[in-house]
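Given next are the chains, with one letter for each unit.
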Amino acid sequence: MAKKTKDKKSKTNSKKSRKATFRDERIRIIAGLLFLAASLTVFISILSYIFTWKSDQSFEWTSDMNNPAVEAGNWAGKLGASVAHLLVNQWFGLASLSISFILVLIGFRFLRIRLLPFWRSVLISIMATIVVSAWLGLFTLNTPILGSGLGGNHGYFISQYLKSLIGTVGTILLLSITSLGVLLYIWPELLKSLSKIFSFNFERKTVKNPESDINTEDDNSDFEKNSSSEDDSDLVFETEFPQQEKQGEYEKFETKINEEPAEEKATEPAEDNNEEDLRFIVDEGKKDDPEGEAKRNLPLEDYDPTLELSDFKLPPIDLLEKHDLQNSSVTQEELISNKNKIVETLGHYKIKIDKIKATIGPTVTLYEIVPAPGVRISRIKSLEDDIALNLSALGIRIIAPIPGKGTIGIEVPNQKPEIVSMRSLLSSRKFQDSKYDLAIALGKTISNETYVFDLAKMPHLLVAGATGQGKSVGLNVILTSLLYRKHPSQLKFVLVDPKKVELTLYQKIEKHYLAKIPDSEETIITDTQKVINTLNSLCIEMDNRYNLLKAAQVRNIKEYNQKFIKRQLNPEKGHQYLPYIVVVVDEFADLIMTAGREVETPLARLAQLARAIGIHLVLATQRPTTNIITGVIKANFPARIAFRVTSMIDSRTILDSPGANQLIGRGDLLFAPGSDLVRLQCAFIDIPELEEITNFIGNQRSYPTPFFLPEFNDDSSDSILDVDLSKKDALFNDAARLIVAHQQGSTSLIQRKFSIGYNRAGRIVDQLEAAGIVGPFEGSKARQVLIPDEYTLEQYLSSLE
């Protein structure tokens, strides 16, 4: 066993050293230059071989290479003669020139020069080499040019075989069809040209595979060991050591998100976004203008929401610490001792068991027992305190029975619990390959597997736990998971921090990821009145988004954004790309105590309706009492996270079941995504790590302002006073025309269209109300437009002058 362990470690270390070697920029530059030099050598060798092939073929590699008296006629010397003879004569003939092109691509990839898509170009080169070699072999089948013909031995034998099998005509037909297929792959526009020639209607349809859910449990290999106890010599004891997760290369994950869109999009920046965003273009050209018709028939590229911050990079995994991870800190002696004590305690009460198995987790070990026939489960459940006393351990929890298994589980804390680093979760294959919309890596299960869930499917999350048990760290884990997966254009946060100290680090990324109401000075919301206004503003945003979904005839934000990306929605009609909005409230109890129903009412409305339009809530509290977590809140938050609490009543308040009071603290939690409970060890991320992440994001180019939510005025009796229409704003007439054209009295609409500040846009709306063009403020609804059409407006504006 020791030798196998050493071999595995040595293999792992060698793999890591090789990866580290190729991450060295100097090694990459040297390798790239070597590949370019090899490409040039191959090109010169093949080019010279066209003229010196007779002398190159007479050159012997084994005898003439080390003989200084023998000189090669090839321009690249003896090496060039040997290489050219191998590639041209033995392999693909003149089609071997593509090998030089492939070497150029490899060299450029090492030098980080992206001229062409790498894998697509390599695939095209290979297909072209095979087809061209066959064509050249067919037409020079009986011609001794370059030895075996222009197609090399490959082209000679392929063409000879096909000619004997299907004849000359059949061979030409087969090669023609193959060549056409290659051309269609290289040049998709050829398909449209053929459709016009033959009057066929070709439609290209893209079928997307449904998203596959990430399974958070893998089968672990078990091995059985007989107990050394004399009294239980016939009792089988299995120890389940969890397999080490395969750590994926984070570079691949980062490249997939950051670099792929830039490869195929954004080659020509748009001069006019409003015109380019339209799928439906009005045909104003003449019918006899073939060039204009051709331009109008060209398909538009998909809309790229990341284009405005196309150079934005997601945080690298190196910003996170490893925190001295180990495979397992539980010794075999500890396992055997706990097993014997469990068996002994049950034996005192004449409870026999047939089998016991141990599964080692980062902080607790699960002992699964199979009781003998006739033993009642309730008898074992009642011995929870006795087993805890015998093991001298806190946090003993009995699961009777384990859902989906015919066993009873006893969770025993480890003597030396491990720290689960955030880095180990984000670099895991489960997180990197997850297809979730809002993937969150929360921690590791009792079998040491990374647990990933989708916040978009929860759709809201309630987090509770006593002070100092890991609740604030858990919120940082949730936020960090999202920051490592989503571009600023795809995700926005609304952060509420009544304690004013927990979420201040995220102030650095306000123009990248944060959202706020326009008249708020601080992006991290700490004032209770501002919280009320923000929640009501989110309700307005929710209503606006539902109107957009209704107009687009879709059911959720995912379908809507897909339509908008395909340019099937007109931005001039108010359509826009909708980012996800995650609302994080750090201390919900403080808001309920100070604001009561003013906070609970908009929260309940958001929890009931906001799922489909991409607004998700994460509420955290350290006082999980019934007057804080009310029935309305619990009914709309099916997904809950419970850290350690002080009483069983608090556990039942959060989870509707006991168990949270038996946790051991320091990130030990119970997660209820539905009806079942999952015990996890929450990941740990330290404050210096968060500072590194926020500094990395904050130092990059950002949007000019944070994401502004719709305006909300809590004073329903607001009236316009002292508005002097003789001092109208310079944009008053243009704003009036905009409002009447859209029939929507909105300050944010004026602010967006004219690129002005909120205060100026608000003054213009006040002037429009005083002039009788829009009605008074109506709470969450947009102001009523009192002018029916633009013609009436122009007459009214002329009367004001």
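Preceding this section is the structure that the text describes.
None of these values were measured; they are calculated from a predicted model. (Residues numbered from 1 in each chain as written. Predicted model: local features only at pLDDT ≥ 70, side-chain atom pairs only at ≥ 80, totals over all residues. Heavy atoms only, no water.)

Colleague: Is there a simple way to think about the overall build of the protein in this case?
Modeller: The number of helices and strands found in the protein is 30 helices and 17 strands. In the protein, which comprises 801 residues, the share counted as buried stands at 46%. (Helix = DSSP H or I, 4+ residues; strand = E, 2+ residues; numbered from the N terminus. Buried < 20%, exposed > 50% of the residue type's maximum accessible area, 1.4 Å probe, protein only.)

Colleague: What is the right way to read a negative patch on the surface from this model?
Modeller: Among the surface-exposed residues, Glu-321, Asp-686, Glu-691 and Glu-692 lie close enough to one another that they form a single negatively charged patch. Topologically, Asp-686 is positioned in the loop between strand S16 (678-682) and helix H26 (687-698). We classify Asp-686 as partly exposed; its relative accessible area is 32%. (Patch = residues over 30% accessible without salt bridge, like charges linked within 9 Å, V, L, I, M, F, W, Y side chains within 5 Å. Areas by Shrake-Rupley, 256 points an atom, 1.4 Å probe, with all protein chains shown as cover. Salt bridge = Lys/Arg side-chain N within 4 Å of Asp/Glu carboxyl O. Lys, Arg positive; Asp, Glu negative; His and termini not counted. Charge placed at Lys NZ, Arg CZ, Asp CG, Glu CD.)

Colleague: I keep staring at the packing of helix H28 (residues 747-754) against helix H29 (residues 758-770) and nothing clicks. Help me out?
Modeller: Each pair of packed helices gets described by two things: the angle between the helix axes and the distance between those axes. For the pair H28 and H29, interaxial distance at closest approach is 9 Å and the crossing angle is 125°. Our classification of the angle between H28 and H29 gives oblique. The handedness of the crossing between H28 and H29 is right-handed. In contact with Thr-747, Ile-750 and Gln-751 of H28, H29 contributes Tyr-758, Ala-761, Gly-762, Ile-764, Val-765 and Leu-768. The residue makeup of the contact of H28 with H29, split by class, is six nonpolar, three polar and no charged. (Axes fitted to C-alpha atoms, helices over the stretch in contact; angles between N-to-C directions. Parallel < 35°, antiparallel > 145°, perpendicular 65-115°, else oblique. Left-handed = near helix turned anticlockwise from the far one by under 90°. Contact = heavy atoms within 4.5 Å. Nonpolar A, V, L, I, M, F, W, Y, C, P; charged D, E, K, R; others polar.)

Colleague: How should the pairing of strand S8 (residues 450-454) be read in this particular structure?
Modeller: One face of the sheet, then the other: side chains in a regular strand alternate in exactly this way. Of all the five residues making up S8, five are buried; the element is thus mostly covered by neighbouring parts of the structure. The alternating pattern of S8 places Thr-450, Val-452 and Asp-454 and Tyr-451 and Phe-453 on opposite faces, both of which are buried. As defined by bridge partners, strand S7 (residues 439-445) adjoins S8 across five bridges and the pair is classed as antiparallel. From the neighbouring strand, Ala-439 faces S8, where its bridge partner is Asp-454. In this antiparallel pair of consecutive strands, S7 and S8, the connection spans four residues, and Asn-448 shows a positive phi of 70°. (Pairing = 2+ DSSP bridges.)

Colleague: I keep staring at the packing of helix H22 (residues 588-595) against helix H23 (residues 597-609) and nothing clicks. Help me out?
Modeller: Orientation of H22 relative to H23, taken along the N-to-C sense of each, is 120°, at an axis distance of 7 Å. When the interaxial angle is binned, H22 and H23 end up oblique. Contact with H22, carried on its side by Phe-588, Leu-591, Ile-592 and Ala-595, involves Arg-597, Glu-598, Val-599, Glu-600 and Leu-603 of H23 and no other residues of that element. Looking at the contact of H22 with H23, its residues break down into six nonpolar, no polar and three charged.

Colleague: Would you mind going over the pattern of salt bridges with me for this structure?
Modeller: Pairs may arise between side chains of opposite charge once their charged atoms sit close together. Under the defined criterion, the tally for this structure stands at 22 salt bridges. In this structure, Glu-769 and Arg-783 form a salt bridge, with 2.7 Å as the shortest nitrogen-oxygen distance. With Glu-769 in helix H29 and Arg-783 in the loop between H29 and helix H30 (790-800), this residue pair connects regions lying 14 residues apart in the sequence. Given a relative accessible area of 16%, Glu-769 falls into the buried group. Through salt bridges with shared partners, a single network forms among Arg-397, Glu-411, Asp-668 and Arg-679.

Colleague: How do you make sense of the sheet that holds strand S13 (residues 615-621) when you look at a structure like this?
Modeller: The strands making up a sheet associate through hydrogen bonds between their backbones, and the pairing can be parallel or antiparallel. Pairing in this open sheet of nine strands is mixed, and the strands run S8-S7-S16-S15-S14-S9-S13-S12-S10 from one edge to the other. With partners counted over all chains shown, the strands left at the sheet margins are S8 and strand S10 (491-496), one partner each. Taking each pair of neighbouring strands and ignoring which way they run, the sheet shows an average axis angle of 30°. Looking at chain direction, strand S14 (residues 639-642) and strand S15 (residues 668-672) are connected through three bridges and run antiparallel.

Colleague: What am I meant to see in the environment of Thr-363 here?
Modeller: Along the polypeptide, Thr-363 turns up in the loop between strand S3 (353-360) and strand S4 (364-371). If sequence neighbours within four positions are ignored, Thr-363 has contacts with Pro-413, Asn-414, Pro-417, Glu-418, Ile-664, Asp-668 and Gln-681. Reaching out from Thr-363, the side chain makes a polar contact with the side chain of Gln-681 at a distance of 3.2 Å. (Polar contact = N/O pair within 3.5 Å; in protein donor to acceptor, adjacent residues only side chain to side chain.)

Colleague: Can you walk me through empty space enclosed by the protein in this structure?
Modeller: Unoccupied space between atoms shows up once a probe the size of one water molecule is rolled over them. In this structure the tally under the stated criterion is one cavity of 30 Å³ or more. Its boundaries defined by the atoms lining it, the largest cavity holds a volume of some 40 Å³. The wall of the largest cavity is formed by Gly-361, Pro-362, Thr-363, Val-364, Lys-444, Thr-445, Ile-446, Asp-668, Arg-679, Leu-680 and Gln-681. Of all the secondary structure elements, the ones that give two or more residues to the lining of the largest cavity are S7 and S16. With three residues, S16 is the largest single contributor of residues to the lining of the largest cavity. Taken together, the residues of the lining of the largest cavity sort by class into four nonpolar, four polar and three charged. (1 Å grid on protein atoms, 1.4 Å probe; cavity = no way out; pocket = protein on both sides within 12 Å on 5 of 7 lines; lining within 4 Å. Points joined across faces, edges and corners; volume = space filled by probe spheres on them.)

Colleague: What is the right way to read the side chain of Arg-783 from this model?
Modeller: What makes Arg-783 buried here is its relative accessible area of 9%. A distance of 2.7 Å separates polar atoms of two side chains, one belonging to Arg-783 and the other to Glu-769. At 3.2 Å, the side chain of Arg-783 and the backbone oxygen of Gly-775 are in polar contact.

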